[in-house]
Amino acid sequence: MNMMDFNVKKFAADAGTFLSRAVQFTEEKLGQAEKTELDAHLENLLSKAECTKIWTEKIMKQTEVLLQPNPNARIEEFVYEKLDRKAPSRVNNPELLGQYMIDAGTEFGPGTAYGNALIKCGETQKRIGTADRELIQTAALNFLTPLRNFIEGDYKTIAKERKLLQNKRLDLDAAKTRLKKAKAAETRASQLNSAHLEGDNIMSEQELRITQSEFDRQAEITRLLLEGISSTHAHHLRCLNDFVEAQMTYYAQCYQYMLDLQKQLGSFPSSYQSNNNQTSVVPVPSASSNVIGSSAMTSSGLVMTSPSNLIDLKEGSGSRKARVLYDYDAANSSELSLLADEVITVFSVVGMDSDWLMGERGNQKGRVPITYLELLN
């Protein structure tokens, strides 16, 4: 029962203090009560801390958008973070595109120019997806986490002490007001109840000294915390350098991947490469051309033609040297893997599909697609 009485009294005292502070704050806003101004240095520190908090939040949120454009995915990651659980791994967009390209290339046939190109592009897209995942992980650890720690840790402490400083200031100004009113009442009353009024003055002066001391002590605590903002800026600068380095690594990897892919696609026969000028005419190679698998553009699309030297090779029993136009990965043990620009021996085998020849490199032998070869004289 005594404990309950104590809790009620404490609650009533806290409510009274809160109400008096609210009244004091309102009167200050209306210009009806004096306000103790903070020193210029402390005001500058408070302004710097508030500015740091606002821009840190904006940079942090926009970095999250940059690294994860999908808002639903960001919400899901936020929920898992609050539940202290690891978010399930998901395929990112480059990885998904890469897998679609690989599946399409496999369906069209890795022995065809388009199918092989799709597979090459798909593998590159998946490498970019892996690099993208590494960028997100590195940026989250070295850049976003320190920014978030400042917002959710250091700045919350600063805001708490700043609020406490404001309360101490309100208490100080209220004490000043009460002392001023007591002195005014003493002057008006003159000799009437002078002893009682003098006692009120003494109590008000003691209260003022106590509140002034508490305010000064809280101002010093707040100032020390705010001066740490400079160290925060130095720390965030190091984190920013880490973020820039992670981006530089990511873009360098992507550039190298695409450069390698461009070289691979550039080794394809020119007749298979894309032409951005749709109105231009692709010349039809003559029958004497020694490029295996020449093409001509007709109204119905890309039509494959067989030059005379290919017919002679397919119908004869001899062998010829051929240069490999671009890389080819064997789909099974019956095929021969190829490297761009290498020279192999090719010959025809009775009953073999018209799109294939038998290739030979040293002791290795296997089927090779004719569209990957150029016969040599």
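Worth saying up front: this structure is predicted, and the values here are computed from it rather than measured.

**Here we look at the pairing of strand S4 (residues 343-347)**
Moving residue by residue along a regular strand, the side chains alternate between the two faces of the sheet.
Stage number 1. Taking burial as the measure, the five residues of S4 include four buried ones, the bulk of the element.
Stage number 2. Inspection of the sheet shows S4 paired to strand S5 (residues 356-361) by three bridges, in the antiparallel sense. Along S5, the bridge assignment pairs Thr345 with Glu360.

**Things to note about the confidence of the model for the chain**
Stage number 1. For the chain, the average pLDDT comes to 79, and 72% of its residues sit at 70 or higher.
Stage number 2. Averaged over each element, pLDDT in the chain is lowest for strand S2 (residues 301-304) (34) and highest for helix H2 (residues 40-67) (95).
Stage number 3. Overall, residues 270-308 carries pLDDT values under 50, and its contacts beyond four positions in sequence, including any with other chains, amount to 52 contacts.

**Considerations on the sheet that holds strand S6 (residues 364-369)**
Stage number 1. Sheet architecture is open: five strands sit in the order S6-S5-S4-S3-S7, paired in antiparallel fashion. Whereas interior strands pair on both sides, the edge strands pair on one side only; in this sheet they are S6 and strand S7 (373-375). Neighbour-to-neighbour, the strand axes of the sheet open up by a mean angle of 45°, direction not taken into account.

**Some thoughts on the pattern of salt bridges**
Once the charged atoms of two side chains with opposite charge are near each other, the side chains can pair.
Stage number 1. Considering all chains together, one arrives at 15 salt bridges under this definition.
Stage number 2. Among the ionic pairs, Glu342 bridges to Arg361, the shortest N-O distance being 2.8 Å. Placement of Glu342 in the loop between strand S3 (319-324) and S4 and of Arg361 in strand S5 is noted, with a sequence separation of 19 residues between them.
Stage number 3. Classification of Glu342 as buried rests on a relative accessible area of 16%.
Stage number 4. Across the salt bridge formed by Lys365 and Glu360, the nearest N and O atoms sit 3.9 Å from each other.
Stage number 5. Via salt bridges that share partners, Glu220, Arg223 and Glu227 belong to a single interconnected network.

**Side note on the packing of aromatic side chains**
Stage number 1. For the structure shown, the criterion picks out seven aromatic pairs.
Stage number 2. Three or more aromatic residues joined by ring pairs make a cluster, and in this case those are Tyr326, Tyr328, Trp356 and Tyr372.
Stage number 3. Its guanidinium or amino end placed over the ring of Trp55, Lys58 lies 4.5 Å from that ring's centre, counting from NZ or CZ.
Stage number 4. Seen from the ring of Trp356, Arg367 lies directly overhead, with NZ or CZ sitting 4.3 Å from the centre.

About the cut-offs
Residues numbered from 1 in each chain as written. Predicted model: local features only at pLDDT ≥ 70, side-chain atom pairs only at ≥ 80, totals over all residues. Heavy atoms only, no water. Buried < 20%, exposed > 50% of the residue type's maximum accessible area, 1.4 Å probe, protein only. Helix = DSSP H or I, 4+ residues; strand = E, 2+ residues; numbered from the N terminus. Pairing = 2+ DSSP bridges. pLDDT = per-residue confidence, 0-100. Contact = heavy atoms within 4.5 Å. Axes fitted to C-alpha atoms, helices over the stretch in contact; angles between N-to-C directions. Salt bridge = Lys/Arg side-chain N within 4 Å of Asp/Glu carboxyl O. Phe/Tyr/Trp six-rings, centres within 6.5 Å; stacked < 30°, edge-to-face > 60°. Lys NZ or Arg CZ within 6 Å of the ring centre and 35° of its normal.

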